[in-house]
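# Coordinate analysis (summary)
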Amino acid sequence: MTTVDIAFLLNGRPVSLSVEPRLLLSDALRHHLGMTSTHVGCEQGVCGVCTILLDGAPARSCLMLAVMADGRSVTTAEGLSDPLAEQLRDSFQEHHALQCGFCTPAMLLTAHCLLSAHPEAGESQIREALSGNLCRCTGYQFIIDAVSSLTERGGEGDASHG
Ligand code: FES
Ligand code: FES
């Protein structure tokens, strides 16, 4: 079996491993590195539950080979530990923004990326940012409310909406 040595930053810490060239990044994260918040659903790039941050931007880990992470920075929900991440987790809880929780790590990563870059985001921007993350349970409004409450608008509407 041919393997390739790769090394990258995972949640701020250097990791290295030998992988088969065909190994998906989602499987490497879950099965080789213990990052089980990285869920796997459709495996076709549709549902978004496998979302990670690659060099700070949301990416579908089911559409990437592990070797493509070589030399990059990967963040999973386990690595969200700053005050904004704490606020997001609390807000999701307060707004009942999760039920089964299957989509939640990816939602948190996507929302964290959005609010880090755009703390003034309005509802339409939040909806657009989260549109690649499917949720089977919540109907989305509670998730939108949870994220909106942390913006500089504080969930008080969206002048750009409509
Ligand atoms: S499992 Fe990756 S997008 Fe659905
Ligand atoms: S909370 Fe169940 S899929 Fe979103």
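Quick look at the structure, then. (Residues numbered from 1 in each chain as written. Chains lettered and ligands numbered in written order. Predicted model: local features only at pLDDT ≥ 70, side-chain atom pairs only at ≥ 80, totals over all residues.)

## Focus: the pairing of strand β2 (residues 13-19)
Where strand β1 (residues 4-10) lies against β2, seven bridges are found, and the strand directions are antiparallel. By the bridge assignment, Ala7 is partnered in β2 with Ser16. In sequence, β1 turns back onto β2 through a hairpin of two residues, with Asn11 there showing a positive phi of about 50°. (Pairing = 2+ DSSP bridges. Helix = DSSP H or I, 4+ residues; strand = E, 2+ residues; numbered from the N terminus.)

## Looking at helix α3 (residues 104-117)
With 14 residues, α3 extends 20 Å between its outermost C-alpha atoms, agreeing within 8% with the 20 Å of an ideal straight helix rising 1.5 Å per residue. In terms of burial, α3 is largely enclosed, as ten of its 14 residues are buried. Burial in α3 covers these residues: Thr104, Pro105, Ala106, Met107, Leu108, Leu109, Thr110, Ala111, His112 and Leu115. (Expected span 1.5 Å × (residues − 1). Buried ≥ 20, exposed ≤ 12 C-beta atoms within 10 Å, placed from the backbone.)

## Examining the sheet that holds strand β3 (residues 51-54)
Strand order in the open sheet formed by five strands is β2-β1-β5-β3-β4, and the pairing between neighbours is mixed. A single partner strand is all that each edge strand has here, and the edge strands are β2 and β4 (57-60). When strand polarity is set aside, the average angle formed by the axes of neighbouring strands in this sheet is 40°. Its contacts with the sheet put α3 on β3, β4 and β5 (73-75), and the angle it makes with β3 is roughly 35°. (Axes fitted to C-alpha atoms, helices over the stretch in contact; angles between N-to-C directions. Contact = placed C-beta atoms within 7 Å.)

## As for the packing of helix α2 (residues 83-94) against α3
Put simply, α2 and α3 touch, their axes get as near as 10 Å, and they point 130° apart. The angle between α2 and α3 places the two elements in the oblique class. Classified by chirality, the crossing of α3 by α2 is right-handed. Listed contacts from α3 to Leu84, Ala85, Leu88, Arg89 and Phe92 of α2 are Thr104, Leu108, Ala111, His112, Leu115 and Ser116. Residues belonging to the contact of α2 with α3 are distributed by class as follows: seven nonpolar, three polar and one charged. (Parallel < 35°, antiparallel > 145°, perpendicular 65-115°, else oblique. Left-handed = near helix turned anticlockwise from the far one by under 90°. Nonpolar A, V, L, I, M, F, W, Y, C, P; charged D, E, K, R; others polar.)

## Let's talk about the environment of Pro119
If you trace the backbone, Pro119 turns up in the loop between α3 and α4 (123-130). By C-beta crowding, Pro119 is classed as exposed, having 12 other C-beta atoms within 10 Å. Distance from Pro119 to Ser148, taken between C-alpha atoms, is 9.6 Å for residues 29 residues apart in sequence. Dropping the residues within four chain positions of it, Pro119 is found in contact with Thr151 and Glu152.

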